[in-house]
Amino acid sequence: MSRVRSVLGIVVGVLLVLSAGAHSLLGGKELREALVTAQVPPDLLRGAMIGWHFGGVAMLAFGVVVLQAFVRRRGVAPVSLFPARIVAVTYLGFGAAALLFTGFDPFFLVFIVPGLLLSLAAFGNPAHPPS
């Protein structure tokens, strides 16, 4: 694997971890305030917040999986990038669907851009061709 692709994978992994924190801590606060202002019932508020924070935890898990793959890949042993590829496809697929369903709200580029960058890092020629 080229050094550039390896570094790009690590950078995207860090970005995913940081965005998970921003999602849960900053976005969760704003979502809660908006739902309270809209006077949604408490059980709906609780359910929405649980789902929101699960999304943040999932983003954190994706970031850790990506980081683990690219950090270990810098060593001598071959490491599969299949999990990182799944994360890339997930971000691209979700981002594309969200763009379509929202009439192309540019906010959802926050999924497309990391998905594209991760695709550049994770797809391509293997670092250690099979013997």
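Residues numbered from 1 in each chain as written. Predicted model: local features only at pLDDT ≥ 70, side-chain atom pairs only at ≥ 80, totals over all residues. Heavy atoms only, no water.

Regarding the overall build of the chain
For the record, the criterion: Numbering of helices and strands runs from the N terminus, with a helix taken as a DSSP run of H or I at least four residues long and a strand as a DSSP run of E at least two residues long. Residues count as neighbours in contact if any of their non-hydrogen atoms are within 4.5 Å of one another. We get accessible surface area from the Shrake-Rupley algorithm with a probe of 1.4 Å; when it comes to residues, only the shown protein chains can shield them. Counted charges follow a simple rule, with Lys and Arg positive, Asp and Glu negative, and His plus the chain ends left uncounted. We put the charge of a Lys on NZ, of an Arg on CZ, of an Asp on CG and of a Glu on CD.
Each helix and strand in the chain was counted, giving four helices and zero strands. Tracing the chain from N to C terminus, the helices and strands come up as α-α-α-α. By principal-axis analysis of the C-alpha atoms, the chain measures approximately 60 × 30 × 20 Å. Sequence-distant contacts, at least 24 apart, represent 70% of the contacts inside the chain between residues at least 6 apart. In the form shown here, the chain has an accessible surface area of approximately 8,100 Å², with 75% of it arising from carbon and sulfur atoms. Between the mean site of the 9 positive side-chain charges and the mean site of the 4 negative ones, the chain shows a separation of 25 Å.

Comments concerning unusual backbone geometry
The condition that has to hold: Residue exposure (1.4 Å probe, protein chains only): buried if accessible area is under 20% of the type maximum, exposed if over 50%, otherwise partly exposed.
Despite not being glycine, Gln39 shows a phi value in the positive range, around 60°. Take Gln39: it is sitting in the loop between α1 (3-37) and α2 (42-73). Since its relative accessible area comes to 69%, Gln39 is described here as exposed. A positive phi angle is found at Phe104, which is not glycine, with a value near 70°. Position of Phe104 among the secondary structure elements: in the loop between α3 (82-101) and α4 (109-122).

A closer look at α2
Our working definition: A helix's residues, less one, multiplied by 1.5 Å, set its expected span.
Under the 1.5 Å per step criterion, the end-to-end length of α2 is 46 Å for 32 residues, consistent within 8% with the ideal 46 Å. On its buried side, α2 packs onto α1, α3 and α4.

Let's talk about the environment of Ala61
Locating Ala61 in the fold gives a position in helix α2. Once the C-alpha coordinates of Ala61 and Val11 are considered, the two residues, 50 residues apart in sequence, prove to be 15 Å apart.

Structural notes on the side chain of His23
Topologically, His23 is positioned in helix α1. Overall, His23 belongs to the buried group, its relative accessible area being 18%. Those residues in contact with His23, other than ones at most four positions away along the chain, are Gly28, Trp52, Gly55, Gly56 and Met59.

Quick look at a nonpolar patch on the surface
The line we're drawing: Like-charged residues within 9 Å of one another, or nonpolar side chains (Val, Leu, Ile, Met, Phe, Trp, Tyr) within 5 Å, are grouped into patches, provided each residue has over 30% relative accessible area and no salt bridge. We count a salt bridge whenever a side-chain nitrogen from Lys or Arg sits within 4 Å of a carboxyl oxygen from Asp or Glu.
A cluster of nonpolar side chains, namely Leu109, Val113, Leu117 and Leu120, defines an oily patch on the protein surface of about 330 Å² accessible area. Counting through the fold element by element, Leu120 comes out in helix α4.

Overview of the packing of aromatic side chains
Centre distance and the angle of the planes are the two values used to describe a pair of aromatic rings. What counts is decided by this rule: Here a Phe, Tyr or Trp ring, Trp counted by its six-membered ring, pairs with any other such ring whose centre lies within 6.5 Å, and the pair is stacked when the planes are under 30 degrees apart, edge-to-face when over 60, and tilted otherwise.
According to the stated counting rule, one finds five aromatic pairs in the structure shown. Look at Tyr91 and Phe111: their rings are 5.6 Å apart centre to centre, the planes differ by 45°, and that puts the pair in the tilted class. With Tyr91 in helix α3 and Phe111 in helix α4, the pair connects residues that are 20 residues apart, well separated along the chain. Measuring from ring centre to ring centre gives 5.1 Å for Phe107 and Phe108, while their planes differ by 85°; the resulting arrangement is edge-to-face. Classification of Phe108 as buried rests on a relative accessible area of 16%. Taken together, the ring pairs in this structure connect Phe62, Tyr91, Phe94, Phe107, Phe108 and Phe111 into an aromatic cluster.

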